[in-house]
Amino acid sequence: AVSLAMATAAARLLPAAWQLFLFLFYSALLYKAACAAYLIRIYAIKHYGYVIHEFDPWFNFRATKYLAENGLAAFFKWFDYKVWYPLGRPVGTTIYPGMQMTSVFIWKVLGMLADAKVVPSAMSLNDVCCMVPAWFGVSATLALGALTAECSNSWSAGVAASGIMAVVPAHIMRSVAGGYDNESIALTAMCTTFFCWCRALRHDKRVTDGRPTQDSVIYGVAAGIAYIYMVAAWGGYVFVLNMIGLHAAALVASGRYTSKLHRAYSLFYLIGTFGATRVPVVGLAPLRSLEQLAPLLVFVGFQMLEYCEVQRRKRHLSILQLQMLRIKMAIPLLIGLAAVAAALYPTGYFGPLSARVRGLFVKHTRTGNPLVDSVAEHQPANEQAYQHYLHHIYHLAPFGFGISLLHWSDSNLFLVLYALVAYHFSNKMARLIILLGPVASALGGVCLGFLFDQLLLYAGKRLLVSFAPSDKEGDTDKEKKAEEKNDEKKEVPAGRKKKGKAALSEASAHFAALIDLVKEMFNLIYQNRTVLVLRIALGVYLLQQAYPKAVEFYDYSHQLAEGLSQPQIMFKAKLYNGQEVMVDDYREAYWWLRDHTPEDARVMAWWDYGYQITGIGERTTIADGNTWNHEHIATLGLILSASQPKAHSIARHLADYVLVWAGGGGDDLAKSPHMARIGNSVYRDICPGDPTCRQFGFYQGGKP
């Protein structure tokens, strides 16, 4: 009797022990993923030190220094006279300030911790800015894991997705240490917003009849707050807004509208839009921009649908009556919206689509803006690019997509839509492969998690339980509940006895019973001990086959990460004798400008180098990577592609020095066709009769 009681107690403790084991197991794997995400991103720090990379990061660092030295109020009023001479730039109202605010906050917190002796020493602002991409690479990895787990209802899938996201090159491309650019923190904000949105839609068994849940309110608010941070961080917030709007509309179209969905979306949209309009660079764009009007229409439509839903519950409307009420409400609403749009459109209230957005829907080099077309990142992606940035995940993700189609839920539909939209737009613009990285990692995790759950985790647990002593009392209770459930199914409701419905009800009941029988037979076979052993054996075999591929993917990612970690502003080279040296010509040239030219000197160069001239050389520039003034850059194109006498006659009025990079495949000579094409879009005499300057080049001796 004692041994039986002990066995019964052990059987009852087994589920709790299993849950504890899974918690520790998943936590350990997430910790390993976080470490891998950090280590793969700090090659630049190991090899080159704390150096800001490339072009745009130098502007971001300069803006961060200004914020740290002058405060937030002065930052938003900052008008920079050292750029875009003689026009200048109102930086505070033309920048997404999230990254600068985040970096200064971290820098100040680390300083306070150092003063309190909590950490050994404080970090300089430069060092913090260099490390922010690596730190946020870790947070994006964990946020993507949480999103995948929520959508797939499997923490195995979430952990696997985190492991992929930690090292996938499509994420590393914008998050290596030193690559201080907006995308480095934006992916964390994006994945967090998506997670909160999907979490708000989680089913609550305690809530019936489509009423709002507590989670829909709490996480709807959280999604709105996370979205505000996304808006402050990166212009790609438009994708996040439209992605959530599309998902909400798709749920309505698939007949899954509930008050839970209404609360989640309404809170997200109201809070998020209010916060977005507080960001100076955004302003009222969410209410005026054609790129953001669709989510607004979804919000308006949801208010109409919720009114109908309330009436359904209050008046106990049938499905047909509910649909008729929706139609009656929708017609005047559509007429009203059309009237408002017709009244506002002639006034110029609605802004046009930007050239970059047009580039997502038209063929490359046909956006109408040669400046946008000249950027290599705006070219369409191809299969080689996908394999380069996704490697084995490129072949694994489609299987995860197929598995996601089999598991239908509100949040899982989001993953399917995200995959389709991200693939479409990344196929139009190579730069947007960064948006494909998270969902490709998620789908890869779904595939791996599904196989691990079905072949190892669930099979192992079931096999273990089958050998454990059974709890007879518990089994008896389960049998009674099952019998009661079957009795309920066998009862024929009074409504079915009515004439005209009896045959249909009986047929549907038989069909449902047949489906239940097939499911029961399948489960009996699937849960058989022999089949369980075969499942585990197959899982072990697939694990052995997958391990070399995982190692290959991991090594490839590290190899590519090391290449992506090169700052470009300095690089390593070998002398004839094999000695490795650091080539720092670029920074030395900018330091020479800083130390040997007057402080008010104006330096003309192609717009690529503007950020570095002001950030490192601390001198006034004519144009930079902000590219807000097409005519200004076209003037540079005219000067740099014209003959020397003509170029000098214009340049002497704008600049004191002209900086030209020569040598290597990407020097200014190689860029000259782009300079001519952009200049010719305004000054047609550069390439007469050749609008795209296809025949432009230089003769020997420097004559264009």
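Definitions and cut-offs
- Residues numbered from 1 in each chain as written.
- Predicted model: local features only at pLDDT ≥ 70, side-chain atom pairs only at ≥ 80, totals over all residues.
- Heavy atoms only, no water.
- Helix = DSSP H or I, 4+ residues; strand = E, 2+ residues; numbered from the N terminus.
- Buried < 20%, exposed > 50% of the residue type's maximum accessible area, 1.4 Å probe, protein only.
- Lys, Arg positive; Asp, Glu negative; His and termini not counted.
- Salt bridge = Lys/Arg side-chain N within 4 Å of Asp/Glu carboxyl O.
- Contact = heavy atoms within 4.5 Å.
- Disulfide = S-S within 2.5 Å.
- Pairing = 2+ DSSP bridges.
- Expected span 1.5 Å × (residues − 1).
- Arc of directions from axis to C-beta.
- 1 Å grid on protein atoms, 1.4 Å probe; cavity = no way out; pocket = protein on both sides within 12 Å on 5 of 7 lines; lining within 4 Å.
- Points joined across faces, edges and corners; volume = space filled by probe spheres on them.
- Nonpolar A, V, L, I, M, F, W, Y, C, P; charged D, E, K, R; others polar.
- Axes fitted to C-alpha atoms, helices over the stretch in contact; angles between N-to-C directions.

## Observations regarding the side chain of Arg 619
Then step 1. Here Arg 619 shows up in the loop between α26 (610–615) and β4 (620–621).
Then step 2. There is no salt bridge for the buried Arg 619, and the closest opposite charge comes from Glu 618, which lies 5.0 Å off by N-O distance.
Then step 3. In this structure Arg 619 touches Lys 82, Leu 593, Arg 594, Thr 597, Pro 598, Glu 599, Ala 601, Val 603, Ile 613 and Thr 614, once residues within four positions along its chain are discounted.

## Examining the side chain of Arg 535
Then step 1. Along the chain, Arg 535 falls in helix α24 (residues 529–564).
Then step 2. No salt bridge is formed by the buried Arg 535, whose closest oppositely charged neighbour, Asp 453, lies at an N-O distance of 9.5 Å.
Then step 3. In this structure, Arg 535 is in contact with Gln 454, Leu 455, Tyr 458, Ala 459, Tyr 526 and Gln 527, ignoring residues within four places of it in sequence.

## Section: the state of the cysteines
Then step 1. Taken as a whole and assessed by the stated rule, the structure comprises one disulfide.
Then step 2. Paired through a disulfide, Cys 687 and Cys 693 show a sulfur-sulfur distance of 2.2 Å. An S-S torsion of about 110 degrees defines the bridge between Cys 687 and Cys 693 as right-handed.
Then step 3. For Cys 687, a relative accessible area of 7% translates into the label buried.
Then step 4. As a non-bridged cysteine, Cys 130 has Cys 129 as the owner of its nearest cysteine sulfur, 7.1 Å distant.

## Regarding the environment of Gly 245
Then step 1. Relative to the helices and strands, Gly 245 is located in helix α11 (residues 237–253).
Then step 2. Judged by relative accessible area, which is 4%, Gly 245 ranks as buried.
Then step 3. Residues Gly 245 and Pro 295 lie 50 residues apart in sequence; the distance between their C-alpha atoms is 4.8 Å.
Then step 4. Setting aside residues up to four positions removed in sequence, Gly 245 forms contacts with Tyr 265 and Val 298.

## Some remarks on unusual backbone geometry
Then step 1. Across the junction of Tyr 85 and Pro 86, the peptide omega takes the value 0 degrees, indicating a cis bond.
Then step 2. Position of Pro 86 relative to the elements: it lies in the loop between α4 (72–76) and α5 (98–115).
Then step 3. Of note, Glu 54 is a non-glycine position whose phi angle comes to about 50 degrees, a positive value.
Then step 4. Among the secondary structure elements, Glu 54 is positioned in the loop between α2 (43–48) and α3 (56–70).
Then step 5. Unusually for a residue other than glycine, Lys 117 sits at a positive phi of about 65 degrees.
Then step 6. When you line up the elements, Lys 117 lands in the loop between α5 and α6 (125–152).
Then step 7. In this structure Lys 117 comes out as exposed when scored by relative accessible area, which is 73%.

## A short note on the sheet that holds β4
Then step 1. On the basis of which strands lie adjacent, the open sheet formed by three strands has the order β4-β3-β5 and parallel pairing. Whereas interior strands pair on both sides, the edge strands pair on one side only; in this sheet they are β4 and β5 (657–658).
Then step 2. Sheet topology places strand β3 (residues 602–604) next to β5; two bridges connect them, and they run parallel. Paired with Met 604 across the bridge in β5 is Val 658.

## Topic: helix α25 (residues 585–596)
Then step 1. An ideal rise of 1.5 Å per residue puts 16 Å on twelve residues; α25 measures up with 16 Å between its terminal C-alpha atoms.
Then step 2. Buried within α25 we find Arg 587, Tyr 590 and Leu 593. Down the axis of α25, the smallest arc covering the buried residues is 115 degrees, so these residues share one side.
Then step 3. For α25, the secondary structure elements touched by its buried residues are β3 and α26.

## Some details on the layout of surface pockets
Empty space left among the atoms is revealed by rolling a probe the size of a water molecule over them.
Then step 1. Taken as a whole, the second largest pocket encloses approximately 1,500 Å³ of empty space.
Then step 2. For the second largest pocket, the lining is made up of 35 residues, of which Ala 160, Leu 448, Leu 543, Ala 546 and Ala 550 are closest to its centre.
Then step 3. A per-element tally of the lining of the second largest pocket places α24 first, with eleven residues.
Then step 4. In terms of residue class, the lining of the second largest pocket is built from 26 nonpolar, seven polar and two charged.

## So, the pattern of salt bridges
Then step 1. Overall, the coordinates contain 18 salt bridges when judged by the stated rule.
Then step 2. The residue Arg 206 makes a salt bridge to Asp 204 at a minimum N-O spacing of 3.0 Å.
Then step 3. Between Lys 260 and Asp 410 there is a salt bridge, with the nearest N and O atoms lying 3.5 Å from each other. Here Lys 260 is found in helix α12 (residues 259–277), whereas its partner Asp 410 is found in helix α20 (residues 410–428), with 150 residues between them in sequence.
Then step 4. The class of Lys 260 is buried, set by a relative accessible area of 10%.

## Focus on the pairing of strand β1 (residues 571–574)
Then step 1. Strand direction decides the pairing type here: β1 and strand β2 (residues 580–583), joined by four bridges, are antiparallel. The partner of Phe 571 across the bridge, within β2, is Val 583.
Then step 2. With antiparallel pairing between neighbouring strands as the criterion, β1 and β2 make up a hairpin whose turn holds five residues, including Gly 578 at a positive phi of roughly 90 degrees.

## Observations regarding the packing of helix α27 (residues 630–641) against helix α28 (residues 644–651)
Then step 1. Between α27 and α28, the shortest axis-to-axis distance is 7 Å and the interhelical angle comes to 140 degrees. Between α27 and α28, the residues in contact are Thr 635, Leu 638 and Ile 639 and Lys 646, Ala 647, Ile 650 and Ala 651, respectively.
Then step 2. Looking at the contact of α27 with α28 residue by residue, the classes come out as five nonpolar, one polar and one charged.

These results come straight from atomic positions and should not be treated as a statement about function.
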